[in-house]
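Close look at the chain arrangement
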Amino acid sequence: MSGFLEKKANVVEILDSDDEDGDRSSRPEVQNNGTIESDDRRLENRSFWKAGVFDVGPVKWTPSQDELEHARVHPKFLHSNATSHKWAFGAIAELLDNAVDEINNGATFVKVDRIYSKRDNSPALLFLDDGGGMDPEGMRKCMSLGYSTKKSNNTIGQYGNGFKTSTMRLGADVIVFSRAFRKAKATQSVGLLSYTFLRKTGQDDVTVPMIDFDISKHWAEPLIYGSQNDWSTNLNTILEWSPFSSKDDLMQQFEDIGPHGTKVLIYNLWLNDEGIYELNFDEDDEDIKLRDEANRSSKSSKKEAEKQAHISNQLLHSLRAYASMLYLKKFKNFKIFLRGKPVEQFNIADDLKHPQVVTYRPQANSMKDAVVVTTLGFIKEAPALPITGFNVYHKNRLIRPFWKVTGEGHSKGYGIVGVLEANFIEPAHDKQDFERSSLFSRLELKLKQMQMDYWKSHCHLIGHQPDQSFLRKLHTQGQRVDQSIHSLPVDPRPNLTGQSQSQSQTVYNNNIPVARAPPGFATMTSGFVQEVASGDDDIDRIINENILLFTRCDQYAQKENELKSTVEDLEKQVAETKRKCAEISERLEFLKRQNLVR
């Protein structure tokens, strides 16, 4: 982004910040041509998916005096860049990632809450952490495209684009406050990224006003890089287009930051197509919800209601549920506070029934010794709920929740959930999916194989019919065990305890002891094999009975649907008959009145 400090906003004449009235929320904007406009600091279209639809006016490419020629970033790009986030919670996760990355700089918490704008009392979204903060240089990199100071393998952010895309996806405007201590110098900075300001003032280049203070001497002394006039212009622009209309209000925002940390305030939040805020703050005082008509509709089925209440569905529209699973490893000295209450981290692997750990070595050139450990098992609600999928993390961050590797309608594998961390493949820019590659395709095939293998060996534990191929495999293994036991060498010498050789637990081969089964084990194993073999007929009978039962269930379900359809038709006929009766009655009354008149 260019011109973020020195460039002046020359479209609107900004009044002096020290004006006695202070609050200019009711003042009109005075244009350079002397005309008066209504003081509407909001975009005409408040829906995110429509806010980028406008015509780009003529662009002046001639640089002003003392300004170098440069490629420009049009404000429309801010919006189009933010469309990489299809999901609002994905944008919130980016901002949580920034706070989590600050754990390396001593952060112990991040707070997410709803506050109200002082200017118009509209809701705003607050993020506050006690990390290392940003000095003036860090603030400028944060507000610019493509810059990232995160080089560690332990940090989640890497592209230098997440802050811009996420904040612009949640609201039209964001103001950032940050305090830092670098090289024996304490500073505090304010930056304003305002899509509304850029649009309303007709900017053809992204201008980000920022101001900085040196607070090393326990008072705020302005840091001026250009001229005093430039610094004042940036301050006045921030006061005109932010929720804070005076310098004192602006400075008060640092009070809850402490000696270091960052506060992000997103305001002019986006509305949905019905003109309602996308983020729902009113349904739950301890949560932030996404408005979703499908989840609010009445559910006729108890099973469907239980499915909607499961975490796999809750995380789609509850920020508390999503944040609880967002990070794989539990934090030791860090907390996420959502609307004043800490988020309890949840790893679904801890709740699985009959868990199994499977290792996978991907053939990745960048990580030759990489080992992917996958924990999978049945959810505790299995087999009642048909929920399945793998929760795939990257560098501790959830990328794909409940990823279904089998096709829809595939009943095998229902109830199986897996958890793994795949650091050998790269996530997409919105961190809600992975880049498609050969490594990704091989991982998908491997997970599908894991799921099917687990189903074959464990499905009978939750009441499903045993897999026939698995039974045959057990049968074969049992025969091999039986044969191996019978083929053990026999020691001709009598043992000291007086037991017969068939009862002895140790045999000798060339005077070398050879382990063999305890007394009666060979007979028991042989009997087990025979029992499995003789039970095949019973298994076939049970399978046939299950098929008949499922067929009858389908028939009853079809009959129920037919009866419902018949009832609906009859109700329509009754309603039509009542309507006709009412018409006939009215007609008769009318004829009677006419006869009386005559």
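The structure contained in this document is the topic of the report that follows.

Here is what the cut-offs are and how they apply
- Residues numbered from 1 in each chain as written.
- Predicted model: local features only at pLDDT ≥ 70, side-chain atom pairs only at ≥ 80, totals over all residues.
- Heavy atoms only, no water.
- Helix = DSSP H or I, 4+ residues; strand = E, 2+ residues; numbered from the N terminus.
- Buried < 20%, exposed > 50% of the residue type's maximum accessible area, 1.4 Å probe, protein only.
- Contact = heavy atoms within 4.5 Å.
- Pairing = 2+ DSSP bridges.
- Axes fitted to C-alpha atoms, helices over the stretch in contact; angles between N-to-C directions.
- Salt bridge = Lys/Arg side-chain N within 4 Å of Asp/Glu carboxyl O.
- Core = buried A, V, L, I, M, F, W, Y, C linked by side-chain atoms within 4.5 Å.
- Phe/Tyr/Trp six-rings, centres within 6.5 Å; stacked < 30°, edge-to-face > 60°.
- Polar contact = N/O pair within 3.5 Å; in protein donor to acceptor, adjacent residues only side chain to side chain.
- Parallel < 35°, antiparallel > 145°, perpendicular 65-115°, else oblique.
- Left-handed = near helix turned anticlockwise from the far one by under 90°.
- Nonpolar A, V, L, I, M, F, W, Y, C, P; charged D, E, K, R; others polar.
- Patch = residues over 30% accessible without salt bridge, like charges linked within 9 Å, V, L, I, M, F, W, Y side chains within 5 Å.
- Areas by Shrake-Rupley, 256 points an atom, 1.4 Å probe, with all protein chains shown as cover.

A few words now on the overall build of the protein chain. Each helix and strand counted, the protein chain has 15 helices and 20 strands in total. Within the span of the protein chain, comprising 598 residues, buried residues form 45% of the whole. Look at the contacts in the protein chain between residues 6 or more apart in sequence, and 68% of them connect residues 24 or more apart.

This brings us to the sheet that holds strand β8 (residues 221–223). Across the sheet, nine strands lie side by side as β8-β7-β6-β5-β9-β4-β3-β12-β13; this open sheet has mixed pairing. Where the open sheet ends on each side, the last strands, each with one partner, are β8 and β13 (341–342). Here strand β7 (residues 210–214) runs beside β8; their pairing, made up of three bridges, is antiparallel. Across the sheet, the residue bridging to Asp-212 is Leu-223, located in β8. Relative to strand β4 (residues 123–129), helix α2 (residues 88–101) is tilted by about 25°, and along the sheet it contacts β3 (109–116), β4, β9 (261–269) and β12 (335–338).

On to the pattern of salt bridges. Tallied over the full model, the rule gives 18 salt bridges. Across the salt bridge formed by Lys-118 and Asp-249, the nearest N and O atoms sit 3.5 Å from each other. Placement of the pair is Lys-118 in the loop between β3 and β4 and Asp-249 in helix α7 (residues 247–252), with a sequence separation of 131 residues. Exposure remark for Lys-118: the relative accessible area of 51% places this residue in the exposed category. Between Lys-341 and Glu-286 there is a salt bridge, with its nearest N and O atoms 3.3 Å apart. Linking Lys-341 in strand β13 with Glu-286 in the loop between β10 (279–280) and β11 (289–290), this pair joins segments that are 55 residues apart in sequence. Using a relative accessible area of 36% as the deciding quantity, one classes Glu-286 as partly exposed. One salt-bridge network, held together by shared partners, links Arg-400, Asp-433 and Arg-436.

Before going further, it helps to spend a moment on the nonpolar core. Most often, soluble globular proteins have nonpolar side chains that are buried together. Within the largest apolar cluster, 120 residues are counted, with the highest numbers of intra-cluster contacts made by Leu-125 and Ile-175. By residue number, the principal contributor to this core is α2, which donates nine residues. Beyond its immediate stretch of four places on either side in the chain, Leu-125 contacts Ile-92, Val-112, Asp-113, Leu-170, Val-264, Leu-265, Ile-266, Leu-269, Leu-279, Phe-281 and Ile-288.

Bringing unusual backbone geometry into the picture now. Going from Ala-382 to Pro-383, the amide bond is cis rather than trans, its omega being 0°. Relative to the assigned elements, Pro-383 resides in the loop between β15 (372–378) and β16 (389–394). For Asn-121, which is not glycine, the phi torsion reads 65° and is therefore positive. Tracing the sequence through the fold places Asn-121 in the loop between β3 and β4. Judged by its relative accessible area of 55%, Asn-121 falls in the exposed class.

Further remarks concern the packing of aromatic side chains. For the structure shown, the criterion picks out 15 aromatic pairs. With 5.8 Å between their ring centres and 75° between their planes, Phe-177 and Phe-244 make a pair best called edge-to-face. One end of the pair, Phe-177, is in strand β5 (residues 171–182); the other, Phe-244, is in the loop between α6 (228–241) and α7, with 67 residues separating them in the sequence. For the pair shown, Phe-177 and Phe-244 are each scored as buried. Geometrically, the ring pair formed by Phe-197 and Trp-241 is tilted, given 5.7 Å between the ring centres and 55° between the ring planes. Of this pair, Phe-197 sits in helix α5 (residues 195–200) while Trp-241 is found in helix α6, placing the two residues 44 residues apart along the sequence. Judged by relative accessible area, Phe-197 falls into the buried class, the value being 1%. Taking relative accessible area as the criterion, Trp-241 reaches 4% and is therefore assigned buried. Taken together, the ring pairs in this structure connect Trp-87, Phe-89 and Tyr-322 into an aromatic cluster.

Judged by how many residues are buried, β15 sits mostly within the fold: six of seven residues are covered. Pairing analysis gives six bridges linking strand β14 (residues 353–360) to β15, with the strands arranged antiparallel. Paired with Gln-356 across the bridge in β15 is Leu-376. Relative to strand β18 (residues 416–421), β15 runs antiparallel, the two sharing four bridges. Across the sheet, Leu-376 pairs through a bridge with Gly-418, a residue of β18.

One open sheet accounts for five strands, arranged β14-β15-β18-β16-β17; its pairing is mixed. Since the sheet does not close on itself, it has two edges, and those belong to β14 and β17 (397–403), each with one partner. Here the average twist between neighbouring strands, direction ignored, is 15°. Along the sheet, helix α12 (residues 438–458) contacts β14, β15, β16, β17 and β18; its crossing angle with β14, the most-contacted strand, is approximately 145°.

The next point concerns the side chain of Arg-169. Inspection of the secondary structure puts Arg-169 in helix α4 (residues 162–170). Judged by its relative accessible area of 2%, Arg-169 is buried. Of note is the side chain of Arg-169, whose polar atom sits 3.0 Å from the side chain of Glu-278. Those residues in contact with Arg-169, other than ones at most four positions away along the chain, are Phe-48, Trp-49, Ala-82, His-85, Lys-86, Trp-87, Ala-88, Ala-91, Trp-270 and Glu-278.

Our next topic: the packing of α2 against α4. Between α2 and α4, whose axes approach to 8 Å, the crossing angle comes to 135°. It follows that α2 is oblique to α4 by the angle criterion. Judged by the twist between their axes, the crossing of α2 over α4 is left-handed. Along its contact with α2, which presents Ala-88, Ala-91, Ile-92, Glu-94, Leu-95 and Asn-98, the element α4 presents Gly-162, Phe-163, Ser-166, Thr-167, Arg-169 and Leu-170. Tallied by class, the residues present in the contact of α2 with α4 amount to six nonpolar, four polar and two charged.

On the surface, a cluster of nonpolar side chains totalling about 350 Å² of accessible area is made up of Ile-584, Leu-588, Phe-590 and Leu-591. Relative to the helices and strands, Ile-584 resides in helix α15 (residues 536–597).

Note that every value here comes from positions in space, so none of it alone points to a role or purpose.
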